[in-house]
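These are the residues of each chain, in order.
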Amino acid sequence: MAAPQERGASGARDGATAPTPARDIDVSDGYAFMSEISSLLGSTYESIDQLEELTRRAQGIDLTVAELNLVEVVGRATLHKDATITVSEVARALDIRVPSATAAVNRLVRKGYVRKRRDPRDARRVNVGLTRDGEKVLRLHVVFNQRMAEEVSGGLSLDERRVLLDGIRRLEQFYAKAQQKQRDYLRRTAGQKGGRS
């Protein structure tokens, strides 16, 4: 029999994330405000990672977060539509290189979540679609995201919802810019290393 897990300082079992208690923060105190945002974002990201892992295990889904994102891209582009998506378009949507997208699609074909078919109008084009298992995973993912959005926005006024969306968009833009800076840095440093003898 397994030993009971120790409880951490938060009172939660180790490995579990306890909800962050709501605190009154003086938003005019720049340091306290920034510190609280940083703390909340860190615990939120950790909770998301843990919940996704637990959900995948509970549902018997053998997908990584990156693979789940690929399933979502394919499903949103093709499910219940007379539309197709190619591996190149998947790569563009995920902001990855085509060889990486090809490898990821091939992994998901082997796992049974996506299928590849030659386009009947253009044999050079390979279209990607979801299998029934892929559709099931997508539905679970969509339902979870809907519940999360309802929980976060429930009880908010229209103005508060606009402020929430604006804040999340700013956060997304910050991360997109930071990622681009890191990509540019990696390209520059790779180019410098490649130019040396």
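Residues numbered from 1 in each chain as written. Predicted model: local features only at pLDDT ≥ 70, side-chain atom pairs only at ≥ 80, totals over all residues. Heavy atoms only, no water.

Undergrad: Would you explain the packing of helix α2 (residues 65-78) against helix α4 (residues 98-111) in this entry?
TA: Geometrically, a packed helix pair is captured by the angle between its two axes and the distance between the axes. The contact between α2 and α4 brings their axes to 11 Å, and the two run at 90°. By the angle between their directions, the pair α2 and α4 is classed as roughly perpendicular. Between α2 and α4, the residues in contact are E67, L70 and V71 and A104, V105, R107, L108 and K111, respectively. For the contact of α2 with α4, the per-class residue count stands at five nonpolar, no polar and three charged. (Axes fitted to C-alpha atoms, helices over the stretch in contact; angles between N-to-C directions. Helix = DSSP H or I, 4+ residues; strand = E, 2+ residues; numbered from the N terminus. Parallel < 35°, antiparallel > 145°, perpendicular 65-115°, else oblique. Contact = heavy atoms within 4.5 Å. Nonpolar A, V, L, I, M, F, W, Y, C, P; charged D, E, K, R; others polar.)

Undergrad: Could you clarify how one ought to interpret the confidence of the model for the protein in this entry?
TA: Atomic detail in the predicted coordinates should be set aside for any region of low pLDDT. When pLDDT is averaged along the protein, the result is 84, and 87% of the positions lie at 70 or above. By mean pLDDT, the top-scoring element of the protein is α4 (96), and the lowest-scoring one is helix α1 (residues 30-59) (86). Considering only residues more than four positions removed or in separate chains, one finds that residues 1-14, a stretch of pLDDT under 50, has 12 contacts. (pLDDT = per-residue confidence, 0-100.)

Undergrad: How should the nonpolar core be read in this particular structure?
TA: One broad rule of soluble globular proteins: the nonpolar side chains tend to lie buried together. Within the largest apolar cluster, 22 residues are counted, with the highest numbers of intra-cluster contacts made by L63 and V71. When residues of this core are traced back to their parent elements, those giving at least two are α2, α3 (87-94), α4, β3 (126-130) and α5 (132-153). Among the elements that make up this core, the one with the highest residue count is α2 (five residues). (Core = buried A, V, L, I, M, F, W, Y, C linked by side-chain atoms within 4.5 Å. Buried < 20%, exposed > 50% of the residue type's maximum accessible area, 1.4 Å probe, protein only.)

Undergrad: Where do I start with the pairing of β3 in this structure?
TA: Every other side chain in a regular strand lies on the same face of the sheet, so the side chains alternate between the two faces. Burial analysis of β3 places four of its five residues in the buried class, which makes it a mostly covered element. In this structure, strand β1 (residues 85-86) lies alongside β3, joined through two bridges in antiparallel fashion. Its bridge partner lying in β3, I85 is registered against V128. In this sheet, β3 lies alongside strand β2 (residues 114-118) in antiparallel orientation, the contact comprising five bridges. When the sheet's bridge partners are listed, K116 is paired in β3 with V128. (Pairing = 2+ DSSP bridges.)

Undergrad: Could you clarify how one ought to interpret the packing of aromatic side chains in this entry?
TA: Two descriptors summarise a pair of aromatic rings, namely the distance from one centre to the other and the angle between the planes of the rings. Inspection of every chain in the model, using the stated rule, returns two aromatic pairs. Relative to Y175, the ring of Y45 has its centre 6.0 Å away and its plane inclined at 80°; by these criteria the two rings are edge-to-face. Of the two residues, Y45 is situated in helix α1 and Y175 in helix α6 (residues 158-195); the sequence distance between them amounts to 130 residues. Residue class for Y45 comes out partly exposed when judged on its relative accessible area of 34%. Of the residues examined, Y175 reaches a relative accessible area of 31% and is grouped as partly exposed. Ring centres 5.3 Å apart and planes at 75° place the aromatic pair F174 and Y175 in the edge-to-face group. We classify F174 as exposed; its relative accessible area is 53%. Three or more aromatic residues joined by ring pairs form one cluster here, namely Y45, F174 and Y175. (Phe/Tyr/Trp six-rings, centres within 6.5 Å; stacked < 30°, edge-to-face > 60°.)

Undergrad: Would you mind showing me how to read a nonpolar patch on the surface here?
TA: On the surface, V27, F33, M34 and I37 cluster together into a nonpolar patch covering about 360 Å² of accessible area. Locating F33 in the fold gives a position in helix α1. (Patch = residues over 30% accessible without salt bridge, like charges linked within 9 Å, V, L, I, M, F, W, Y side chains within 5 Å. Areas by Shrake-Rupley, 256 points an atom, 1.4 Å probe, with all protein chains shown as cover. Salt bridge = Lys/Arg side-chain N within 4 Å of Asp/Glu carboxyl O.)

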